[in-house]
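Geometric and topological summary
The residues making up each chain are set out below.
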Amino acid sequence: MTEPRVQPDPAFALLGLYETALPEVYGYLLSRCGDRTLAEELTSETFLGAVAACRREYAPPVSTGWLIGVARHKLADHWRRKEREERGLRLVHDSAPGVEDPWDEQLDALRARQVLASLGPHHQAALTLRYVDGLGVPEVAGHLGRSVHATEALLVRARAAFRRSYEKGGRDA
């Protein structure tokens, strides 16, 4: 009688990648959220989520790029959670501006980052996914759990809020 073989945990594939992928994932998250503590928490959530995904029947191939994708989802989930919490505390009243005009000014990168951080999480998420990550509107909509039309309207409002705050020196979101 042969003894049953013990199958190795499929999550062990992450072990070999962990040391090289950790700084990449953390750096990706930190550059988008600007908060070390949040980036550490989301990095942890990313690797825990990756372990769970590796243990599923049809697990995806493990790579740093795939982990960055998991991190992007964790960050979008964080922004959605944060927006739901803020929405529960206040009544949101946004009005969409009439016409969008091109912005010819050069942006100061540090000030732009500060202005982005001062915006609400829904605006941060939309602008970061669209303009920092370079995702198309349908992809942004998918990450935010919104329709394409609602995402387009959100982007219009987010750009307007960013521009208002930027022009005031980043003091007002």
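Residues numbered from 1 in each chain as written. Predicted model: local features only at pLDDT ≥ 70, side-chain atom pairs only at ≥ 80, totals over all residues. Heavy atoms only, no water.

Scanning the protein chain for helices and strands turns up 7 helices and 0 strands. Starting at the N terminus, the α and β elements of the protein chain follow one another as α-α-α-α-α-α-α. Buried positions account for 35% of the 173 residues belonging to the protein chain. Contacts in the protein chain between residues at least 24 apart in sequence constitute 67% of all its contacts with a sequence separation of at least 6. Carbon and sulfur atoms provide 54% of the accessible area of the protein chain, an area that totals close to 11000 Å². (Helix = DSSP H or I, 4+ residues; strand = E, 2+ residues; numbered from the N terminus. Buried < 20%, exposed > 50% of the residue type's maximum accessible area, 1.4 Å probe, protein only. Contact = heavy atoms within 4.5 Å. Areas by Shrake-Rupley, 256 points an atom, 1.4 Å probe, with all protein chains shown as cover.)

We now examine the packing of helix α6 (residues 137-144) against helix α7 (residues 148-167). Remark: α6 packs on α7, axes separated minimally by 9 Å, with the N-to-C direction vectors making an angle of 100°. Taken together, the axes of α6 and α7 lie roughly perpendicular to each other. When α6 is examined against α7, the residues Val137, Pro138, Val140, Ala141 and Leu144 are found in contact with a partner set consisting of Val148, Thr151, Glu152, Leu154 and Leu155. Broken down by class, the residue content of the contact of α6 with α7 amounts to 8 nonpolar, 1 polar and 1 charged. (Axes fitted to C-alpha atoms, helices over the stretch in contact; angles between N-to-C directions. Parallel < 35°, antiparallel > 145°, perpendicular 65-115°, else oblique. Nonpolar A, V, L, I, M, F, W, Y, C, P; charged D, E, K, R; others polar.)

Our next topic: the packing of aromatic side chains. Two measures describe an aromatic ring pair: the distance that separates the ring centres and the angle between the ring planes. Scanning the entire structure with this criterion turns up 2 aromatic pairs. Both rings, one in Phe162 and one in Tyr166, keep their centres 5.9 Å apart while their planes meet at 20°; by these two values the pair is stacked. With Phe162 and Tyr166 both in helix α7, this residue pair falls 4 residues apart, about one helical turn. Here the two residues Phe162 and Tyr166 agree in accessibility, since each one is buried. (Phe/Tyr/Trp six-rings, centres within 6.5 Å; stacked < 30°, edge-to-face > 60°.)

Between helix α1 (residues 12-33) and helix α2 (residues 36-54), the shortest axis-to-axis distance is 9 Å and the interhelical angle comes to 140°. By the angle between their directions, the pair α1 and α2 is classed as oblique. With respect to the hand of their crossing, α1 and α2 are arranged in right-handed fashion. Contacts between α1 and α2 involve Leu14, Tyr18, Ala21, Leu22, Val25, Tyr26, Leu29, Leu30 and Cys33 from the first element and Arg36, Leu38, Ala39, Glu40, Leu42, Thr43, Thr46, Phe47, Ala50, Val51 and Cys54 from the second. A per-class count over the contact of α1 with α2 returns 16 nonpolar, 2 polar and 2 charged. (Left-handed = near helix turned anticlockwise from the far one by under 90°.)

Let's shift gears to the pattern of salt bridges. Applying the stated criterion across every chain yields a total of 4 salt bridges. The closest approach of N and O atoms between Arg32 and Asp133, which form a salt bridge, is 2.4 Å. Pair noted here: Arg32 is in helix α1 and Asp133 is in the loop between α5 (121-132) and α6, with a separation of 101 residues, a long-range link. Here the two residues Arg32 and Asp133 agree in accessibility, since each one is buried. The partner of Glu167 in a salt bridge is Arg163, with the nearest N and O atoms 3.0 Å apart. One end of the pair, Glu167, and the other, Arg163, are both in helix α7, 4 residues apart, so they sit about a helical turn from each other. In the salt-bridge network here, residues are joined through shared partners; they are Arg32, Arg72 and Asp133. (Salt bridge = Lys/Arg side-chain N within 4 Å of Asp/Glu carboxyl O.)

This brings us to the confidence of the model for the protein chain. Put simply, the protein chain has an average pLDDT of 81, and 80% of its residues get 70 or more. Across residues 91-99, confidence stays below pLDDT 50; counting only partners more than four residues off in sequence or on other chains, it has 8 contacts. (pLDDT = per-residue confidence, 0-100.)

This paragraph deals with the environment of Ser165. One can find Ser165 in helix α7. Ser165 sits 49 residues away from Leu116 along the chain, and the two C-alpha atoms are 8.9 Å apart.

The terminal C-alpha atoms of α1 lie 29 Å apart, and with 22 residues this matches the ideal 32 Å at 1.5 Å per residue to within 8%. Remark: the principal bend of α1, roughly 65°, maps to Tyr18. Of all the positions in α1, only Leu14, Leu17, Ala21, Val25, Tyr28, Leu29, Arg32 and Cys33 are classed as buried. Of the residues trailing α1, Gly34 is marked for its positive phi of about 70°. (Expected span 1.5 Å × (residues − 1). Bend = angle between axes of the 7 residues up to and from the residue.)

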